[in-house]
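# Secondary and tertiary structure notes
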Amino acid sequence: MGNESKIKIDNLNLHIGKNHILKNIHVSIPERQLTVILGPSGCGKTTLLKSLNRLTDLYPEMKIDGSIFLNEEDILHSKTEITLLRKKMGLLSQSPYPLPMSIYDNIAYGLRISGRRKKKYLIKRVEHYLTQVSLWDEVKDRLKDSASSLSIGQQQRLCLARGLAVDPEIILADEPTSALDPLSSKQIEELFVKLKQRYTIVVVTHILRQARRIADYVIFMYMGEVIEHGPAKDFFENPKEELTKEYLKGAFN
């Protein structure tokens, strides 16, 4: 697959009333790499992430124009079934939201609604996805327990496993470690680094150290604009824009 572009954003603008939130965004997100959208709070990072799987549709006051291509199809204007689109993109939020059911059913739920109901098959797949997020050994003896009995770090990994169970192509993550302790954060970071061999991963963070640790590609935003983007090594070692240099020095954190 190489480093082809998975998502291409073209002339994207988003307004809420008179406020221009995302301004003329042109950027491509490489396939099977970990792209970090970086920048100070309130600069449009999460809004950009939400526009990728059209969660922006949930806010009628948002007016969006431009194009977002996924596999050459413009998902903003196509006949794409939104549910199909969201299946292609697993989303991990800041706080974990396990479904109000057992650990087992959190994973099996997505499999069942896509028509895979054989018990033997489900047991195998639940183990597979829990293993993918390094959770199986911790929960295999308590699969019938409520998901809310897990620690918050375990819940976040469960939500990641649940997202993987619908076979997405892309994993979107919005500040996925902000509610977690340092050890759980490290586990999530390590999982992303492992999973990018199979998935295109886009992570929003305002934590510079985290971006340095995990990013292959960086999109730096400020006040609704993309200031600079490129391979992480170039971005951190040889930034081109004055604003980027100031940000990396910690000027407006």
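Right above here is the structure, for reference.
Residues numbered from 1 in each chain as written. Predicted model: local features only at pLDDT ≥ 70, side-chain atom pairs only at ≥ 80, totals over all residues. Heavy atoms only, no water.

### Concerning the overall build of the protein
Heads up, the condition is: Only DSSP runs of H or I reaching four residues or more are called helices, and only runs of E reaching two or more are called strands; each is numbered from the N terminus. Radius of gyration means the value over C-alpha atoms here, while the globule rule gives 2.2 Å times the residue count to the 0.38 power. For each residue, the accessible area found with a 1.4 Å probe, counting protein chains only, is set against the maximum for its type, and the residue is called buried under 20%, exposed over 50%, and partly exposed in between. Any pair of residues with heavy atoms lying within 4.5 Å of one another is described as a contacting pair. Areas reported here follow the Shrake-Rupley algorithm with a probe of radius 1.4 Å; residue values treat only the protein chains shown as occluding. The charge count includes Lys and Arg as positive and Asp and Glu as negative, but it does not include His or the ends of the chains. Think of each charge as sitting on NZ of Lys, CZ of Arg, CG of Asp or CD of Glu.
The number of helices and strands found in the protein is ten helices and ten strands. In terms of overall dimensions, the protein is globule-like: its C-alpha atoms have a radius of gyration of 18 Å, near the 18 Å expected for 253 residues. Principal-axis analysis of the C-alpha atoms gives the protein an extent of 55 × 40 × 35 Å. The buried share of the protein, reckoned over its 253 residues, is 49%. Counting only contacts in the protein whose residues sit at least 6 apart along the sequence, the fraction spanning at least 24 positions is 67%. Working note: accessible area of the protein is about 12,600 Å², and carbon and sulfur atoms make up 51% of it. Treating the 37 positive side-chain charges of the protein as one cloud and the 31 negative ones as another, the clouds have centres 6 Å apart.

### Regarding the packing of helix α6 (residues 152-164) against helix α7 (residues 182-195)
For clarity, the threshold we go by: Geometry is summarised by axes, namely lines fitted to C-alpha atoms with helices restricted to the contacting stretch, and by angles between N-to-C directions that run from 0 to 180 degrees. For classification purposes, angles smaller than 35 degrees are called roughly parallel, those larger than 145 roughly antiparallel, those between 65 and 115 roughly perpendicular, and all remaining angles oblique. Crossing chirality is assigned from the near helix's rotation relative to the far helix, an anticlockwise turn below a right angle marking it left-handed and a clockwise turn marking it right-handed. Side-chain classes follow a simple rule in which Ala, Val, Leu, Ile, Met, Phe, Trp, Tyr, Cys and Pro form the nonpolar group, Asp, Glu, Lys and Arg form the charged group, and the remainder, Gly included, forms the polar group.
It is at 9 Å that the axes of α6 and α7 come closest, and there the two elements cross at 20 degrees. The angle between the axes of α6 and α7 places the two elements in the roughly parallel class. Both α6 and α7 take part in a crossing whose hand is right-handed. Contact residues: Gly 153, Gln 156, Arg 157, Leu 160 and Leu 164 in α6; Ser 184, Gln 187, Ile 188, Leu 191, Phe 192 and Leu 195 in α7. Grouping the constituent residues of the contact of α6 with α7 by class yields six nonpolar, four polar and one charged.

### Section: the packing of aromatic side chains
Note the following rule: Stacked, edge-to-face and tilted are the three classes for Phe, Tyr and Trp ring pairs, Trp counted by its six-membered ring, which pair at centre distances within 6.5 Å; planes under 30 degrees apart are stacked, over 60 edge-to-face, the rest tilted.
Going through the model one piece at a time under the given rule, you end up with three aromatic pairs. When the centroid spacing of 5.2 Å and the interplanar angle of 85 degrees are considered together, the rings of Phe 235 and Phe 236 count as edge-to-face. Take Phe 235 and Phe 236: they sit in the same class, and that class is buried.

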